[in-house]
Every structure is written in structure tokens, then in C-alpha cells.
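Structural overview for review
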Amino acid sequence: MQARTVLESKVSKKATEKLIHKVKSLFEHKLSEKLNLMKVSAPLFVEGDTGVNDNLNGWERCVTFDTAGYQPMMLEVVQSLAKWKRMATHYYDLQPGEGLYADMRAIRRDEVLSPLHSLYVDQWDWELVIDRQERTVETLKEKVLLIYEALKMTEEEVAELDSSLEPFLPQEITFITSQELEDLYGVDTTPKEREHRIAKEKGAVFIMQIGDNLASGEPHDGRSPDYDDWQLNGDIIVWYPVMETSVEISSMGIRVDEAALERQLRDSGCEDRTQLPFHQMLLNGTLPYTMGGGIGQSRVVMLLLRKFHIGQVQMSVWPQEMVQACREREIELLNVIS
């Protein structure tokens with residue numbers, strides 16, 4: 001696929017706000033129908049000693065706070081709902097083929113801010129119960145295709161709302177493993193450079209098997225060892241012509257079973273986690289087999305509304321130099337008090 005020029009949208013902030021909520025409504029309705037998901041309430045914070053919070057790459061610091069009153073607690077703002085959702089499928093007694101999704105809100109205090117990265121993260125976090133025999137690459141690909149169909153359908157409906165928002169995503173998404181990607185472009189390229197090149201060539205790609213070391217000795221990207229099975233996961237990445245860059249919109253995968261959890265914890269030097277409540281529930285067979293992921297709400301909206309900066313579709317806080325640079329380019333960030 002040849003990348004083509006797609007212009008940034010210049011609709012007003014007022015019109016943008018109306019479109020933001022329309023896009024979110026359209027996409028989540030299609031996502032829930034495609035994957036048979038019910039919407040549930042989700043926590044903003046969890047207890048820090050349960051093992052439920054997402055450790056991301058292992059070095060990011062959670063936002064923590066203590067409570068007052070009769071029984072003080074130490075709580076953590078969620079970094080994602082990856083493990084909480086699996087517990088929720090058990091809580092709601094969901095059966096194979098049934099799933100849930102929630103609006104996840106998080107604070108990533110260690111995020112390096114950019115037009116694509118904010119301190120504030122909003123995702124559609126989803127989880128689907130599957131049978132053990134469905135823990136296959138074929139199942140993973142099938143669900144990726146359904147999510148991409150939902151995205152394409154939303155893009156087409158958004159174009160009907162505003163004729164200037166002509167669809168740019170390709171009809172099909174390409175599948176490739178992280179090792180195939182390294183073999184294709186060579187070890188002299190970084191993983192981000194490989195993502196950039198394959199996305200520009202294909203338009204949309206699902207890069208599979210992220211977390212384990214590649215032949216070069218390094219993983220394509222970091223993954224927490226206790227939710228995705230590193231052999232059955234991946235990222236949906238698209239080429240965004242407005243910014244001339246690749247954009248990850250979703251990380252997802254089939255979740256670890258008992259054997260994969262033990263192996264990945266051992267390989268990561270995190271075997272002490274086996275004593276935490278979440279991990280005990282998984283190892284003793286209490287939790288169902290599932291697959292799931294997170295889909296960036298603001299990133300999806302940003303792409304479909306042709307915005308140059310994620311701050312144009314979400315309320316966050318940005319360095320003053322970035323705000324000024326955006327003003328000079330006539331990029332209006334959503335920030336009432338700036």
C-alpha cells in the first residue's frame with residue numbers, strides 16, 4: 001500500500017467535542033456486538049498488595065495514595081485493567097463466548113509526553129472467556145479481524161457525518177510475528193523503526209508474539225509476564241498519514257494459562273508473584289481462560305477525526321512549551337485553563 005496525503009481536520013473545538021462522543025459511541029457499540037461483550041463498571045484504583053494492577057513494563061511507577069479513617073489503606077491508581085478484567089469474568093460468571101468491556105481511566109506518571117503520549121490514558125478494556133482449546137493463533141487472528149472490522153465500519157460512518165473525513169485505513173490488516181519483522185528489516189533497525197516501516201508499507205498490521213527475546217537477544221517490546229501469553233499476543237498498528245507515522249491503537253492477546261504464567265514469571269525473575277491473590281486464583285484454576293486487550297479511545301478518535309495531537313481530543317496537562325508550539329501551528333489543545 002502506498003501512503004497518501006491526508007490533511008489534518010480543522011473543525012472547531014465545539015464541533016470536535018460533539019464528534020468525539022459520537023465516534024466513541026459508534027465504535028464501542030460495534031466492538032461489543034462483534035465480540036459479544038457487555039459493559040461493566042470498572043475501578044479507578046485498587047489495593048496495592050493484590051497483584052491485580054498492571055505492571056506494564058515493570059519500571060513504571062503507579063500513582064499511589066493512602067486513605068484516612070478507621071482502617072487506612074494504601075491504594076494504587078490502575079495502570080490498566082488487564083488482570084482485573086480476568087477476575088471480573090469470574091465474578092460475573094461469564095461462560096465461553098461471553099465477555100465484558102469497560103471504560104478504563106489511568107494516569108501514567110512516567111509517560112514521555114508527545115503528540116501521541118499523554119499522562120492521561122483512556123481505553124476500552126475488554127475481556128472474552130474462551131475454552132482452553134481456543135488458545136490458538138487462529139482464535140487470536142479471528143478476533144483481531146473483528147476488531148479491525150469494527151474500526152473500519154466506524155471510520156466509514158464518521159465519513160458520512162463529515163465529508164472531509166475521507167476513510168484512509170486499508171481494507172485488510174496484515175499479520176506478522178515480531179521475529180519475522182526483525183528478519184525482514186534486520187537487527188540494525190530498532191523495533192520502532194520496524195513498526196514504522198511495516199505500517200507505512202501495509203497501512204495496518206498486527207505484530208504478534210511480543211515479550212520473549214528475539215534471535216537478536218532482545219524482545220520486540222516489554223510485556224508484563226502475568227497477563228498475555230507472549231506466544232499468543234500482539235499489537236494493532238496503523239499508518240497515520242496526518243502525522244506520517246505509525247500509531248499503536250491496541251495491545252491484546254490470549255491470556256496466560258497455568259504453564260505460561262509459571263514460565264514467564266520464571267523468565268522475568270518475578271516468581272515471588274505466585275504468592276499474590278490474583279496469581280493464586282489463576283494457578284489453582286479459579287479463573288477462566290480468557291483473551292482480551294485495551295484499545296486506546298483517544299488514539300482511535302484522534303485518527304478518525306484527523307487530529308495532529310492527542311490533546312485535541314482529550315483533556316490533559318501539557319508542558320507550556322508544547323502548548324505554545326501547538327498554538328503557533330494553529331493546533332488547539334483541549335485545556336480550559338491554559
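Overview of the structure. (Residues numbered from 1 in each chain as written. Predicted model: local features only at pLDDT ≥ 70, side-chain atom pairs only at ≥ 80, totals over all residues. Heavy atoms only, no water.)

For the structure on display, the rule yields 24 salt bridges. Between E142 and K143 there is a salt bridge, with its nearest N and O atoms 3.1 Å apart. D235 is the salt-bridge partner of R223, the closest N and O atoms lying 2.4 Å from each other. Taken together, the residues span a long stretch of sequence, with R223 in the loop between β8 (204–208) and β9 (228–240) and D235 in strand β9 at a distance of twelve residues. Exposure remark for R223: the relative accessible area of 13% places this residue in the buried category. When its relative accessible area of 0% is taken as the criterion, D235 is described as buried. When salt bridges that share partners are traced, they join R132, R135, D229, D257, E258 and R263 into one network. (Salt bridge = Lys/Arg side-chain N within 4 Å of Asp/Glu carboxyl O. Helix = DSSP H or I, 4+ residues; strand = E, 2+ residues; numbered from the N terminus. Buried < 20%, exposed > 50% of the residue type's maximum accessible area, 1.4 Å probe, protein only.)

Turning to the state of the cysteines, a few remarks are in order. Joining two cysteines, a disulfide is a covalent bond between their sulfur atoms. Evaluation of the coordinates by the stated rule reveals zero disulfides. C62 forms no disulfide, and the closest cysteine sulfur to it belongs to C270, at a distance of 14 Å. Under the relative-accessibility criterion, C270 is labelled buried at 14%. (Disulfide = S-S within 2.5 Å.)

This paragraph deals with the packing of aromatic side chains. Considering all chains together, one arrives at five aromatic pairs under this definition. Here Y91 and Y92 contribute two aromatic rings whose centre-to-centre distance is 4.9 Å and whose plane-to-plane angle is 85°, an arrangement assigned as edge-to-face. Residue Y92 is classed as partly exposed on the basis of its relative accessible area, which comes to 35%. The ring centre of F175 lies 5.4 Å from the NZ or CZ of K141, which sits over that ring. Taking NZ or CZ as reference, R329 lies 4.2 Å from the ring centre of F308, over its face. (Phe/Tyr/Trp six-rings, centres within 6.5 Å; stacked < 30°, edge-to-face > 60°. Lys NZ or Arg CZ within 6 Å of the ring centre and 35° of its normal.)

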